[in-house]
Amino acid sequence: MSVREIRVFGDPVLRERAEPVDPSSPSTAALVQDLLDTVRVPGRAGVAGCQIGVARAAFSYNVDGEVGYVLNPRIDEVRGEPVLVDEGCLSVPELGFPTPRHPYCRVVGVDLAGDEVVLEGEGLMAQMLQHEMAHLDGKLYLQALDKEMRSIAMAEVRKAAWY
């Protein structure tokens, strides 16, 4: 298993809606290991399957020293009115924009044994959960920006050296 290359804006896999995974499959176990290896790189809070080129319903996280993963997740609850938080994305490198996020989020999924996993929190955890769930829906955080901010963001993307 290994740290995988992060796919960037423009890669079609980032637009794909993630397909459910079979928790008991060896290929799912390999995907989980790659996601965990990839999210452990310093400065990373979460990595979705599509970001490493696999449109499968799985993501890993590394928030406040807690590292883990969830398979076939769904948002179970969000609470509070969305507030603007500074957000970036590994798939849109070197850029960040104020993004509306609910202050609390709970996601429910399973682990490789098929046991229920519940991830919840406020602050960075809530932000990461909403961000990664959007990836699994084939959306980048740029799509959550209001029209004016999205226009500014897209102009910055077009100027970026990696684009």
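Counting restarts for each chain: residues are numbered from 1 in the order of the written sequence. Two thresholds apply to this predicted model, a pLDDT of at least 70 for residue-level local features and 80 or more for giving and counting side-chain atom pairs, whereas whole-chain, interface and lining totals are computed over all residues. Hydrogen atoms and water are omitted, and side-chain values are computed over all heavy atoms in the structure.

### Considerations on the overall build of the protein
In plain terms, the rule: Secondary structure follows DSSP: runs of H or I at least 4 residues long count as helices, runs of E at least 2 residues long count as strands, and numbering of each begins at the N terminus. Only the C-alpha atoms count toward the radius of gyration. The rule for a globule is 2.2 Å times the residue count to the power 0.38. By the convention used here, residues are in contact when the closest approach between their heavy atoms is within 4.5 Å.
Across its full length, the protein carries 3 helices and 7 strands. Traced from its N-terminal end to its C-terminal end, the protein shows the element sequence α-β-β-β-β-β-β-β-α-α. Over its C-alpha atoms the protein spans a radius of gyration of 15 Å, differing by no more than 12% from the 15 Å that the globule rule assigns to 163 residues. Expressed as lengths along the three principal axes of its C-alpha atoms, the size of the protein is roughly 45 × 35 × 25 Å. The contacts in the protein between residues at least 6 apart in sequence include a share of 64% that link residues at least 24 apart.

### Examining the layout of surface pockets
We count it as follows: Cavities and pockets were defined on a 1 Å grid built over protein atoms only: a cavity is a set of grid points that admits a 1.4 Å probe from which the probe cannot escape, a pocket is an open set flanked by protein on both sides within 12 Å along at least five of seven lines, and lining residues are those with an atom within 4 Å of any such point. Grid points are joined across faces, edges and corners, and a volume is the space filled by probe spheres set on the points. Under the convention adopted here, Pro, Cys and the residues Ala, Val, Leu, Ile, Met, Phe, Trp and Tyr are nonpolar, Asp, Glu, Lys and Arg are charged, and Gly plus all remaining residues are polar.
Quantified by volume, the largest pocket comes out at close to 310 Å³. For the lining of the largest pocket, the elements supplying multiple residues, two or more each, are β3 (66-79), β5 (92-101) and α2 (124-136). Here the residues of the lining of the largest pocket are counted per class, giving 13 nonpolar, 4 polar and 5 charged. Here the second largest pocket defines a volume of roughly 230 Å³.

### So, the nonpolar core
Here is the rule we go by: Remark: nonpolar core denotes a set of buried residues (Ala, Val, Leu, Ile, Met, Phe, Trp, Tyr, Cys) joined through side-chain atoms within 4.5 Å. Relative accessible area decides the class of each residue, using a 1.4 Å probe on protein chains only: under 20% of the type maximum gives buried, over 50% gives exposed, and in between gives partly exposed.
In terms of nonpolar packing, the biggest core is built from 32 residues, with Phe 59, Val 92, Phe 97, Leu 119, Met 128, Leu 129 and Leu 142 touching the most fellow members. Listed by contribution, the elements that provide at least two residues to this core are β2 (58-63), β5, β6 (104-110), β7 (116-122), α2 and α3 (147-159). Ranked by residues supplied to this core, first place goes to α2 with 6 residues. By size, the runner-up hydrophobic cluster in this structure holds 12 residues, among which are Ile 6, Leu 31, Val 39 and Tyr 69.

### Some details on the side chain of Glu 132
The cut-off we apply is this: As used throughout, the charge tally considers Lys and Arg to be positive and Asp and Glu to be negative, leaving His and the chain termini uncounted. Criterion for a salt bridge: a side-chain nitrogen of Lys or Arg within 4 Å of a carboxyl oxygen of Asp or Glu.
Tracing the backbone through its elements, the reader meets Glu 132 in helix α2. It is Arg 101 that comes nearest to the buried, bridge-free Glu 132 among opposite-charge side chains, at 8.4 Å. With near-sequence residues (within four places) excluded, Glu 132 lies in contact with Gly 46, Val 47, Ala 48, Gln 51 and Phe 59.

### Remarks on the state of the cysteines
Applied cut-off: Disulfides are defined as pairs of cysteine sulfur atoms found within 2.5 Å of each other.
Within the structure shown, the criterion is met by 0 disulfides. For the unlinked cysteine Cys 50, the closest cysteine sulfur is that of Cys 89, found at 8.4 Å. Left without a disulfide partner, Cys 105 is nearest to the cysteine sulfur of Cys 89, which lies 16 Å away. Of the residues examined, Cys 105 reaches a relative accessible area of 0% and is grouped as buried.

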